[in-house]
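The residues making up each chain are set out below.
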Amino acid sequence: MNAPLTLETLPAMSISEITAPVADDMATMNQNLLNVVGERHPMLKAAAEQIFGAGGKKLRPMLIFLVSHATAELGGLKELTPQHRQLAEITEMIHTASLVHDDVLDECDLRRGKATVNSKYGTRMAVLAGDYLFAQSSWFLANLDDLEVIKLISQVIADFANGEISQAASLFDCDVTLETYMEKSFYKTASLIAASCRSAAVFSGMPEEVKEDMFNYGKHLGLAFQVVDDILDFTQTEEQLGKPRGQDMASGNLTCPIIFTMQKNPELRDILESEFQEDDSLETALDMVMKSGGIEMAMDLAREEGQLALDSLKRLPDGEMKDSLSAMVGYVLERIY
């Protein structure tokens, strides 16, 4: 019986060390992604290079390759199937399409320190590039010829829209619950990771309990990632964030540090309901979140989700793939320290 994994016993690994076991898989995927867009539409090639070449760690396909190798070993497969590899490409295309559209909605000029597609090529090209990536990913998805995976990944695209719509409809809603916040975070961030990790297990021929474990790993890792992101919006500097500190709160997006702070300090609710009409009210609200224990409660929530992700790896064989999957939990959580 494998010893249970805990947050306290996780090995410290850099992102390059975590990626190392699947580095060759990632290199092949990166080239394939550039070819997918450029071959059919030369006018989109420059945009594709802007999108797929704009730094980024490509964590989602990396997780798919790690899960694919670990579950393939569990199922006695000697190597990955073409479907495993196509799944990684599809997932990165869907994620990237959502980012391109997000940048249009948020009118962002920079992502990962580089000009966004909309700032460089205009809103029209950005919307078309995002639409094309969604459409192309749907075509590749259909060609995987697996109904379970088609249903899983198609649901993700609907979840993205649900997450954005529910966020837009609940700005400055001080009655938002932690449950609603977690549901929205699942739609926005965790759904794609969860569905793609489960899909990787499907292509390895895994039984239901392993497929469910992989879904839960992706779900809880994704939720931890989102909670940490929402903490960093308060704890990092404008230079580190690449945007003004507290921008989520300023725009009315009430995240878990805010929800926890409202429970402890009702004055924050009054400021939020006024939508920062008074001078210095945003700074006052930021100070409340930092000093009322909301950040610490959010950190506890992130750690809970991280431990649930680790618990979901219990059926995987020991080895470098499992080590990297467990180290990813530590990588996500260490950003808050």
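Residues numbered from 1 in each chain as written. Predicted model: local features only at pLDDT ≥ 70, side-chain atom pairs only at ≥ 80, totals over all residues. Heavy atoms only, no water.

A. Highlighting unusual backbone geometry. Of note in this structure, Asp145 is not a glycine but carries a positive phi near 60 degrees. With respect to the secondary-structure elements, Asp145 resides in the loop between α7 (123-143) and α8 (147-169). (Helix = DSSP H or I, 4+ residues; strand = E, 2+ residues; numbered from the N terminus.)

B. View of the side chain of Lys322. Residue placement: Lys322 occurs in helix α17 (residues 320-334). Given a relative accessible area of 6%, Lys322 falls into the buried group. Reaching out from Lys322, the side chain makes a polar contact with the backbone oxygen of Leu313 at a distance of 3.5 Å. (Buried < 20%, exposed > 50% of the residue type's maximum accessible area, 1.4 Å probe, protein only. Polar contact = N/O pair within 3.5 Å; in protein donor to acceptor, adjacent residues only side chain to side chain.)

C. Quick peek at the layout of surface pockets. Considered as a void within the structure, the second largest pocket measures approximately 170 Å³ in volume. Lining the second largest pocket, in full, are Leu7, Leu10, Pro11, Ala12, Met13, Arg303, Ala327, Gly330, Tyr331, Leu333, Glu334 and Tyr337. The class makeup of the residues in the lining of the second largest pocket is nine nonpolar, one polar and two charged. (1 Å grid on protein atoms, 1.4 Å probe; cavity = no way out; pocket = protein on both sides within 12 Å on 5 of 7 lines; lining within 4 Å. Points joined across faces, edges and corners; volume = space filled by probe spheres on them. Nonpolar A, V, L, I, M, F, W, Y, C, P; charged D, E, K, R; others polar.)

D. Structural context of the packing of helix α16 (residues 294-311) against α17. Running from N to C, α16 and α17 cross one another at 170 degrees; their axes reach a closest spacing of 9 Å. Accordingly, the angle class assigned to the pair α16 and α17 is roughly antiparallel. Across from Ala302, Arg303, Gly306, Ala309 and Leu310 in α16, the residues of α17 making contact are Ser326, Val329 and Leu333. Its residues assigned to classes, the contact of α16 with α17 shows five nonpolar, two polar and one charged. (Axes fitted to C-alpha atoms, helices over the stretch in contact; angles between N-to-C directions. Parallel < 35°, antiparallel > 145°, perpendicular 65-115°, else oblique. Contact = heavy atoms within 4.5 Å.)

E. Local environment of the packing of aromatic side chains. The final tally for this structure, using the stated rule, is three aromatic pairs. When the centroid spacing of 6.0 Å and the interplanar angle of 65 degrees are considered together, the rings of Phe172 and Phe276 count as edge-to-face. Placement of Phe172 in the loop between α8 and α9 (178-203) and of Phe276 in the loop between α14 (267-273) and α15 (281-291) is noted, with a sequence separation of 104 residues between them. Phe276 matches Phe172 in its accessibility class, with the two residues each being buried. Ring centres of Phe186 and Tyr187 lie 6.3 Å apart, and the angle between their planes is 55 degrees; this geometry places the pair in the tilted category. (Phe/Tyr/Trp six-rings, centres within 6.5 Å; stacked < 30°, edge-to-face > 60°.)

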